[in-house]
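# Per-entry structural report
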Amino acid sequence: MLTLLDHIGVFVFAISGMLTAADRNLDILGGYIIAFITALGGGTLRDLLLNVDIAWMGSVVQVSMVVAGGTFGILFRSFLKKLRRTFFIFDTIGLAIFTIIGVQKGMAYEHFGLTVIFLGMISATFGGLTRDVLCNEIPLIFRKEIYAIPFLTSGSIYLLGDYLGYASHLWMLWVCILIIILFRTFAVVFSWELPLIREISKWNS
Amino acid sequence: MLTLLDHIGVFVFAISGMLTAADRNLDILGGYIIAFITALGGGTLRDLLLNVDIAWMGSVVQVSMVVAGGTFGILFRSFLKKLRRTFFIFDTIGLAIFTIIGVQKGMAYEHFGLTVIFLGMISATFGGLTRDVLCNEIPLIFRKEIYAIPFLTSGSIYLLGDYLGYASHLWMLWVCILIIILFRTFAVVFSWELPLIREISKWNS
Amino acid sequence: MLTLLDHIGVFVFAISGMLTAADRNLDILGGYIIAFITALGGGTLRDLLLNVDIAWMGSVVQVSMVVAGGTFGILFRSFLKKLRRTFFIFDTIGLAIFTIIGVQKGMAYEHFGLTVIFLGMISATFGGLTRDVLCNEIPLIFRKEIYAIPFLTSGSIYLLGDYLGYASHLWMLWVCILIIILFRTFAVVFSWELPLIREISKWNS
């Protein structure tokens, strides 16, 4: 189940990378490279930090999903732009999956709680972050302030669920995905924002 | 033979990094750092992805070649600028060598075809890509569209040659180098370009 | 002793990262991420290059020091700005510690001299370099020219001290720290600068 969702996540992120590359007017090879980095960058850093073999290096399916997702993005670009809301949900599911896989892998190698939650956030966000650096922008995660909170929240809940012995239950996964979807939707609808560092500093001076 | 060519590749890339740094008006230490990253960045990422020891960490010669190349670049800068065509050929030989070494190393660790070709491309291009990110530009590989195609082509041919049992033959190496040199030359002479993502998307809408 | 100083280094760098993030008008989460990267980025690359487990992944204290340093930076921001000189000394001590730890770890894995000195410099500077790339600037190390010289110097001296058998002596550490502090202070006071690549090239043409 998780493996299947992982492939879907890679597929969706590859589409998202290709659409971003098209907006920056890149050619098709540049598009596939950005799709590749967006989809597999987070997992790569996660495995480097864990000092284990990079997961996608041994997986024909993962690499094929990037190619498939990128091609899908090229072919149905105008169609996908109209489906923004549907795509937002898929993108969010992808982020949720990557968070959970990061948390699971961190637990499997017996790291302590805070590191495990970081790993979840890194798995979910590093691909998009690298994409933005390569396209010479300040990464989205530093501009759209609320962006990383749901990953931290849902990673923590999954970790808590594991301590309580619910990790093997599939509904745990769906709860985490649901939290991320609801949080992101509310954040957009109600324009949630985190306080700036400067504001908090002012209260103390 | 390959080891010798590898050292030449590092030497040439270090020169190229130093010349770029001089164009950005950096001082000599900044120049050596950029030379270092340009020459050894690709091999570093390759070895990180393969989860093996970083090759240059154990090689006095490799590190010395960077210092030698950088110094050569400083001393003969105006001379090298006049020799642009000769330098273009050396640079291309360097890229070809790095591609082949990446492909070989990927095969040695028994990864499957597509990953091995990626490794070849990463070995050849990641150094220049990091250099461009550090100098705050959109990497050349995303602007000069045709840039990565010959690495993919020649990596594939080398892989095919290996399946056919020709990998141990030295002429295989020269065929791959020749392909990359011819391709790059033709690409410049005839202004070859890859289609933009947007153009292909339009055909389908 | 070195472990204690390491924690102080992480704490100081986390403050420095948070203050930089505040200047770029980021929100608190962005601030903690930048603090994290500034404090632990250098050690991460050092351990990746050595192909060993990432040190902070197994250390609750290290990660806690980042959170503590970041929070300290938020709460006492206006106070810290007035204490610029004191902070400069702490920052320099942090850089010196990271250099020595990098050199020590490189020696422990039996790498040769030049690589070991590079490892020291990478440990000290890579965190700040990544911070600058993420904030979309040309890294400080390439603009403030003299920046990396004291790390190379003090790393070399530590290495020399080790060959002479003084590595276990605590005063070796303080000598290296003192060199870096004095060098940085003099560099600021007398506006020391490295020659540009272009200038040296001109002498030869």
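As a convention, each chain's residues are numbered from 1 in the sequence order in which they are written. Chain labels run from A onward and ligand labels from 1 onward, assigned in the order the entries are written. Owing to the predicted nature of the model, reporting of local features is limited to residues with pLDDT of at least 70; listing and counting of side-chain atom pairs is limited to 80 or more, with chain, interface and lining totals taken over all residues. For side-chain calculations, the full set of non-hydrogen atoms in the structure is used, while hydrogens and water are omitted.

## Remarks on the interface of chain C and chain A
Applicable threshold: Throughout, a residue-residue contact means that at least one pair of heavy atoms, one from each residue, lies within 4.5 Å. Reported buried area values correspond to the accessible surface (1.4 Å probe) lost by two parts on association, with both partners' losses combined. Here a polar contact is recorded for every N or O atom pair within 3.5 Å, except that within protein the pair must consist of a potential hydrogen donor and a potential acceptor, and residues adjacent in sequence are included only if both atoms are side-chain atoms. Starting at the N terminus, helices and strands are each numbered in turn, a helix being any DSSP run of H or I of at least four residues and a strand any DSSP run of E of at least two. Here the term charged refers only to Asp, Glu, Lys and Arg, the term nonpolar to Ala, Val, Leu, Ile, Met, Phe, Trp, Tyr, Cys and Pro, and the term polar to all other amino acids, Gly among them.
Contacts between the two partners involve 35 residues from chain C, matched on the other side by 32 residues from chain A. Of the roughly 2,900 Å² buried between chain C and chain A on both sides combined, carbon and sulfur atoms contribute 71%. Contact with chain A buries surface across chain C, with C:Asp27, C:Met57 and C:Leu134 losing the most and accounting together for 23% of the total. Inspection of the region where chain C meets chain A yields one residue pair in polar contact (both at pLDDT 80 or more). Of all the secondary-structure elements, those providing two or more residues to the side of chain C that touches chain A are helix 1 (2-23), helix 2 (28-50), helix 3 (60-75), helix 4 (77-82) and helix 6 (113-134) of chain C. With nine residues, helix 2 of chain C is the largest single contributor of residues to the side of chain C that touches chain A. Tallied by class, the residues present in the side of chain C that touches chain A amount to 21 nonpolar, nine polar and five charged.

## Remarks on the interface of chain A and chain B
Our working rule: Salt bridge, as used here, is a side-chain nitrogen of Lys or Arg placed within 4 Å of a carboxyl oxygen of Asp or Glu.
Tallying the contact residues gives 35 residues for chain A and 32 residues for chain B. Of all residues in chain A, A:Asp27, A:Met57 and A:Leu134 give up the largest surface area on contact with chain B, accounting jointly for 23% of the area buried on that side. The interface formed by chain A and chain B includes zero salt bridges. Linking chain A with chain B are one residue pair in polar contact (both at pLDDT 80 or more). Elements represented by at least two residues in the side of chain A that touches chain B include exactly helix 1 (2-23), helix 2 (28-50), helix 3 (60-75), helix 4 (77-82) and helix 6 (113-134) of chain A. Here the side of chain A that touches chain B gets nine residues from one element, more than from any other, and that element is helix 2 of chain A. The residue inventory of the side of chain A that touches chain B, partitioned by class, reads 21 nonpolar, nine polar and five charged.

## Some thoughts on helix 3 (residues 60-75) of chain B
All names here are of chain B. Rule in force here: The span expected for a helix works out to 1.5 Å for each residue beyond the first. Burial classes follow relative accessibility: with a 1.4 Å probe on protein chains only, a residue under 20% of its type's maximum area counts as buried, one over 50% as exposed, and anything between as partly exposed. This arc is built from the directions going out from the helix axis to the C-beta atoms.
The end-to-end C-alpha distance of helix 3 is 23 Å, a good match for the 22 Å that 16 residues give at a rise of 1.5 Å each. Those residues of helix 3 that sit buried are Gln 62, Val 63, Val 66, Gly 69, Gly 70, Gly 73 and Ile 74. All buried residues of helix 3 lie within an arc of 140° about the axis, which places them on one face of the element.

## A few points about a nonpolar patch on the surface
Residue and element names in this part refer to chain A. Threshold: Patch construction takes residues with relative accessible area above 30% that form no salt bridge. Like charges are linked within 9 Å, and nonpolar side chains (Val, Leu, Ile, Met, Phe, Trp, Tyr) are linked within 5 Å. Methods summary: accessible areas were calculated by the Shrake-Rupley approach with a probe of 1.4 Å, and residue burial reflects only the protein chains presented.
Among the surface-exposed residues, Ile 157, Leu 160, Leu 164, Tyr 166, Trp 171 and Val 175 lie close enough to one another that they form a single nonpolar patch of about 560 Å² accessible area. Every element with two or more residues in the nonpolar patch is listed here: helix 8 (149-163) and helix 9 (170-189). Structurally, Tyr 166 can be placed in the loop between helix 8 and helix 9. When its relative accessible area of 37% is taken as the criterion, Tyr 166 is described as partly exposed.

## Overview of the relation of the copies chain A and chain B
Quick note on the threshold: Superposing the copies works by least squares over the C-alpha atoms of residues that have pLDDT at least 70 in both of them.
Mapping chain A onto chain B leaves a residual RMSD of 0.0 Å; the transformation is a rotation of 120° accompanied by 0.0 Å of translation along its axis. Here the two chains are linked by the operation of a three-fold rotation axis. Interface residue correspondence from chain A to chain B reaches only 11%, placing this contact among heterologous pairings that use different surfaces.

## Overview of the packing of helix 2 of chain C against helix 3 of chain C
Residues and elements named next belong to chain C. The condition is simple: Axis definition: a line fitted to C-alpha atoms, limited for helices to the stretch in contact. Angles are taken between N-to-C directions and run from 0 to 180 degrees. Working rule for angles: under 35 degrees goes down as roughly parallel, over 145 as roughly antiparallel, 65 to 115 as roughly perpendicular, anything else as oblique. Put simply, a crossing is left-handed when the front helix is turned counterclockwise from the back one by less than a right angle, and right-handed when it is turned clockwise.
Where helix 2 contacts helix 3, the axes come no closer than 9 Å and their chain directions differ by 130°. Relative to helix 3, the element helix 2 lies oblique. Of the two possible hands of crossing, helix 2 and helix 3 adopt the one that is right-handed. Note on element contacts: helix 3 touches helix 2 through Gln 62, Val 66, Val 67, Gly 70, Thr 71 and Ile 74, opposite Ile 28, Tyr 32, Ala 35, Phe 36, Ala 39 and Leu 40.

## Concerning the side chain of A:Ser123
Residues and elements named next belong to chain A. Along the chain, the position of Ser 123 falls in helix 6. Within the structure, Ser 123 has its side chain in polar contact with the backbone oxygen of Leu 119 (distance 2.7 Å). When residues no more than four places from it in sequence are discounted, the contact partners of Ser 123 are Gly 42, Gly 43, Arg 46, Phe 98 and Gly 102.

## Description of the pattern of salt bridges
If you walk through the whole model with that rule in mind, you get nine salt bridges over all chains. For B:Asp23, the salt bridge identified is with B:Arg77, shortest N-O distance 3.5 Å. Here B:Asp23, found in helix 1 (residues 2-23), pairs with B:Arg77, found in helix 4 (residues 77-82); they are 54 residues apart in sequence, far enough to count as distant. Overall, the relative accessible area of 45% leaves B:Asp23 in the partly exposed class. Measuring nitrogen to oxygen at the nearest pair gives 3.0 Å for the salt bridge that ties B:Asp47 to B:Arg46. Summarising the burial analysis for this pair, B:Asp47 and B:Arg46 share the class buried. Each of A:Arg46, A:Asp47 and A:Lys105 takes part in salt bridges that share partners, so that together they form one network.

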